[in-house]
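The chain contents come next:
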Amino acid sequence: MSTPSLRRAVYAGSFDPPTNGHLWMISRAQAMFDELIIAIGANPEKRSTYTAEERREMLEAITQEFPNVKVTIFGNRFLVDYAYSIGARFVVRGIRTASDYEYERSMRYINSDLQPDITTVILMPPREFAEVSSTMVKGMVGPEGWREMIRRYLPEAVYQKILKDHENSD
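No experiment lies behind these values; they were computed from the predicted model shown. (Residues numbered from 1 in each chain as written. Predicted model: local features only at pLDDT ≥ 70, side-chain atom pairs only at ≥ 80, totals over all residues. Heavy atoms only, no water.)

### A look at the environment of Lys-161
What counts here: Only DSSP runs of H or I covering at least 4 residues are called helices, and only runs of E covering at least 2 are called strands; the numbering of each starts at the N terminus. Only heavy atoms enter the contact rule, under which two residues are in contact if any of them lie within 4.5 Å.
Its location among the elements puts Lys-161 in helix H8 (residues 156–169). For Lys-161 and Ser-133, which are 28 residues apart along the polypeptide, the C-alpha to C-alpha distance reads 17 Å. Excluding residues that lie within four positions of it along the chain, Lys-161 makes contacts with Tyr-50, Glu-54 and Met-58.

### Quick look at the packing of aromatic side chains
Any aromatic ring pair is given by two values, namely how distant the centres are and how the planes are angled relative to each other. Note the cut-off: Any Phe, Tyr or Trp ring, taking Trp's six-membered ring, that has another such ring centre within 6.5 Å forms a pair; planes under 30 degrees apart are called stacked, those over 60 apart edge-to-face, and the others tilted. A simple rule labels every residue: compare its accessible area, found with a 1.4 Å probe on the protein chains alone, to the largest value its type can have, and call it buried under 20%, exposed over 50%, or partly exposed in between.
Applying the stated rule across the entire model yields 3 aromatic pairs. Note on Tyr-11 and Phe-15: the rings are 5.3 Å apart at their centroids and 80° apart in plane angle, and the pair reads as edge-to-face. Residues Phe-33 and Phe-90 carry aromatic rings whose centres are separated by 5.0 Å and whose planes lie at 45° to one another, so their mutual orientation is tilted. In this pair, Phe-33 is assigned in the loop between helix H1 (20–32) and strand E2 (35–42) and Phe-90 in strand E4 (residues 90–94), connecting sequence segments 57 residues apart. Relative accessible area serves as the criterion here: at 7%, Phe-33 is assigned to the buried category.

### Observations regarding the environment of Ser-14
Relative to the assigned elements, Ser-14 resides in the loop between strand E1 (8–13) and H1. For Ser-14 and Ala-39, which are 25 residues apart along the polypeptide, the C-alpha to C-alpha distance reads 8.4 Å. For Ser-14, the residues in contact, after removing those within four places along its chain, are Ile-40, Lys-46 and Arg-55.

Written out as structure tokens, the structure is:
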């Protein structure tokens, strides 16, 4: 499984697509832990714009500079059970708003009921990322000027993928 002294954490999400806010979280979390596993949640009931494999490729492209980051896909499991199964003892979550805080606070207590040895670590991104979400970025694609608008919210590799995909669909 894992070396007991290895501090392994999981940062999970849909990452559909990954944003600069996600990259900020990854950058901070990977500096805190020996190994950070980015776990792409595969939820068959949620309709995604990008396949789990495409999201994995985007995340791998934007995290190349972090040798302690690995990208995986998981599904049909509670996050804390997945974390425990890979030897992670920390789950990293981000909060941007008061409603995020309330949700994450509740999930922290539920997660500790399921896996008491897993610690939830909550990070709060800076103001420039507080309002950025994958859903918001996807909603901007299409109208005149969208390319310039979304560029500020996305890592370059993700921005290029969206441009390419949009050109192919025209």
